[in-house]
Amino acid sequence: MDKHATIFVAGHRGMAGSAIIRALRKAGYTHILTASHTEVDLIDQAAVRAYFKIHRPSYVFLAAAQVGGIHANNTLPAEFIYQNLMIEANVIESAWQNGVKRLIFLGSSCSYPCLAPQPMVEETLLTGLLEPTNEPYAVAKIAGIKMCESFNRQYGTDFRSVMPTNLYGPGDNFDLTNSHVIPALLRKFHEAKINKAESVEIWGSGSPRREFLHVDDMASDCLFVMNLEPSIYQAHTRPMLSHLNVGTGKDLTIRELAETIKQVVNFNGVLIFNSDKPDGAPQKLLDISRLHAMGWHSAIGLKKGLQDTYQWYKANIASARL
């Protein structure tokens, strides 16, 4: 990308989108477009078409999405499938209509089958049943990947997809009802420490294994993939298998994660695992050998990433409730 190219980041207020903007600014890009919900509702096809026609971005990072943890996915399945399908359909179609040079779509590792062989290679997509608790969201993300591939095949566009593992970091959602596991645990442990609680309850058995990627590493990868020469990108993908896994290549159990967060927060109580709550998939670890072969590696270790995220939470979320 030229440093002065017009770049639209859809979803700039979310954790992923804001990280992409930080990465773009750090890399010296000067013309970054953003749009709040009041400026353009990405679910509104006419509004999205009008926005693209006026601003004519050359590059697009499609990070806008309705996201949440197990509880949110279970209780709001219609919202998760409808909103995500509409957002990606409108942005991708408008990108094609207005001659966008290149687009990056953010998928999700939950799009892989629930019982996929570990670590999950890109070819695993669509080979088995999805985890029931997040099936609607996963179906929408799969549709976004296939939409990019379909426009590439029919119209010769250069729309690329990355498949990040579980993300965390500054800008995350720390709502205890709808958040993912890391922000939920950080908040639970912090509030337990402040309130001098003796224990913290954690959903599930603690045995599932998960991989976690700091959102700034994800943003670094998005710029890396966006800037790959077409010949290099195409050498590591296929027209109907074009997404690239993004992760650390390392996982740990939820129990190990909880113990690590307990140390980061400096909570001295005990952990209580509630096995009556759902565990989700037994393991989710990505094979990231393709990205490694192209030269990209994650840079932020989990302990350091958790410490940074906790400091951000205390400065931006916890302090606001005092």
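Source: prediction; values computed, not measured.

> Just checking my understanding: could you explain the packing of aromatic side chains for this structure?
Working definition: an aromatic ring pair is given by the centre-to-centre distance plus the angle between the planes. For the structure shown, the criterion picks out 10 aromatic pairs. For the pair Phe 8 and Tyr 51, a centre-to-centre distance of 5.0 Å together with 45 degrees between the ring planes defines the contact as tilted. Here Phe 8 is found in strand S1 (residues 6–10), whereas its partner Tyr 51 is found in helix H2 (residues 45–55), with 43 residues between them in sequence. Judged by its relative accessible area of 2%, Phe 8 falls in the buried class. Ring plane angle 25 degrees and centroid distance 4.1 Å describe the contact between Trp 96 and Tyr 155, whose orientation is recorded as stacked.

> Explain the side chain of Asp 287 to me, please; I cannot follow it from the model alone.
Counting through the fold element by element, Asp 287 comes out in the loop between strand S13 (283–284) and helix H10 (289–294). Nearest to the buried, unbridged Asp 287 among oppositely charged side chains is Arg 290, at 6.9 Å. Side-chain polar atoms of Asp 287 contact the side chain of Ser 289, separated by 2.6 Å. Each residue touching Asp 287, except ones within four places of it in the same chain, is listed here: Pro 119, Met 120, Val 121, Glu 122 and Asn 245.

> Would you mind going over the pattern of salt bridges with me for this structure?
Pairing between side chains becomes possible if they bear opposite charge and their charged atoms approach one another. Counting across every chain of the model gives 11 salt bridges. Arg 22 is the partner of Asp 216 in a salt bridge, and the nearest nitrogen-oxygen pair spans 2.6 Å. Here the residue Asp 216 occupies a position in helix H7 (residues 215–226), and Arg 22 occupies one in helix H1 (residues 15–26), the gap between them amounting to 194 residues. With relative accessibility at 28%, the residue Asp 216 sits in the partly exposed group. Glu 191 is the salt-bridge partner of Arg 187, the closest N and O atoms lying 2.8 Å from each other. Highlighted residues: Arg 187 and Glu 191, both in helix H6 (residues 181–194), separated by four residues, approximately one helical turn. Each member of the salt-bridge network shares a partner with another, and the members are Glu 122, Glu 123, Arg 238 and Arg 290.

> Explanation requested: the nonpolar core in the structure shown.
Considering soluble globular proteins, one finds that nonpolar side chains tend to be buried as a cluster. Phe 8, Leu 42, Phe 52, Leu 62, Val 91 and Leu 103 are the most contacted members of the largest nonpolar core, which totals 37 residues. Broken down by secondary-structure element, the contributors of at least two residues to this core are S1, H2, strand S3 (59–62), helix H4 (77–97), strand S4 (102–106), helix H5 (135–155) and strand S5 (159–164). Examining the composition of this core, we find that six residues originate from one element, H5, more than from any other. Setting aside chain neighbours within four positions, we find Leu 103 in contact with Val 60, Val 91, Ile 92, Ala 95, Cys 148, Asp 158, Phe 159, Arg 160 and Met 226. Listed in part, the 35 residues of the second largest apolar core include Ile 7, Ile 20, Val 215 and Leu 291.

> I'm lost on the sheet that holds S13 in this one. Help?
In a beta sheet, neighbouring strands are held together by backbone hydrogen bonds and run either parallel or antiparallel to one another. Within the open sheet, the three strands sit side by side as S11-S8-S13. Their pairing is mixed. Across the chains shown, the open sheet's two edge strands, defined by having one partner strand only, are strand S11 (252–253) and S13. Bridge count for strand S8 (residues 209–210) against S11 is two bridges, and the pairing is antiparallel. When the bridges of S11 are listed, Arg 210 appears paired with Leu 252.

> Help me understand the sheet that holds strand S2 (residues 31–33) in this model?
The six strands lie next to each other as S2-S1-S3-S4-S5-S10, forming an open sheet whose pairing is parallel. Every other strand in the sheet has two partners, leaving S2 and strand S10 (243–246) as the edge strands with one partner each. On average, adjacent strands in this sheet sit at an angle of 20 degrees to one another, irrespective of strand direction. Taken together, the four bridges between S4 and S5 define a ladder with parallel strand orientation. Residue pairing in the sheet places Leu 106 in a bridge with Val 162 of S5. Relative to the sheet, H1 contacts S1, S2, S3 and S4, its axis offset from that of S1 by approximately 155 degrees. Each of S3, S4, S5 and S10 is contacted by H7, which is oriented at about 145 degrees to S4, the strand it contacts most.

Rules of the game
Residues numbered from 1 in each chain as written. Predicted model: local features only at pLDDT ≥ 70, side-chain atom pairs only at ≥ 80, totals over all residues. Heavy atoms only, no water. Phe/Tyr/Trp six-rings, centres within 6.5 Å; stacked < 30°, edge-to-face > 60°. Helix = DSSP H or I, 4+ residues; strand = E, 2+ residues; numbered from the N terminus. Buried < 20%, exposed > 50% of the residue type's maximum accessible area, 1.4 Å probe, protein only. Lys, Arg positive; Asp, Glu negative; His and termini not counted. Salt bridge = Lys/Arg side-chain N within 4 Å of Asp/Glu carboxyl O. Polar contact = N/O pair within 3.5 Å; in protein donor to acceptor, adjacent residues only side chain to side chain. Contact = heavy atoms within 4.5 Å. Core = buried A, V, L, I, M, F, W, Y, C linked by side-chain atoms within 4.5 Å. Pairing = 2+ DSSP bridges. Axes fitted to C-alpha atoms, helices over the stretch in contact; angles between N-to-C directions.

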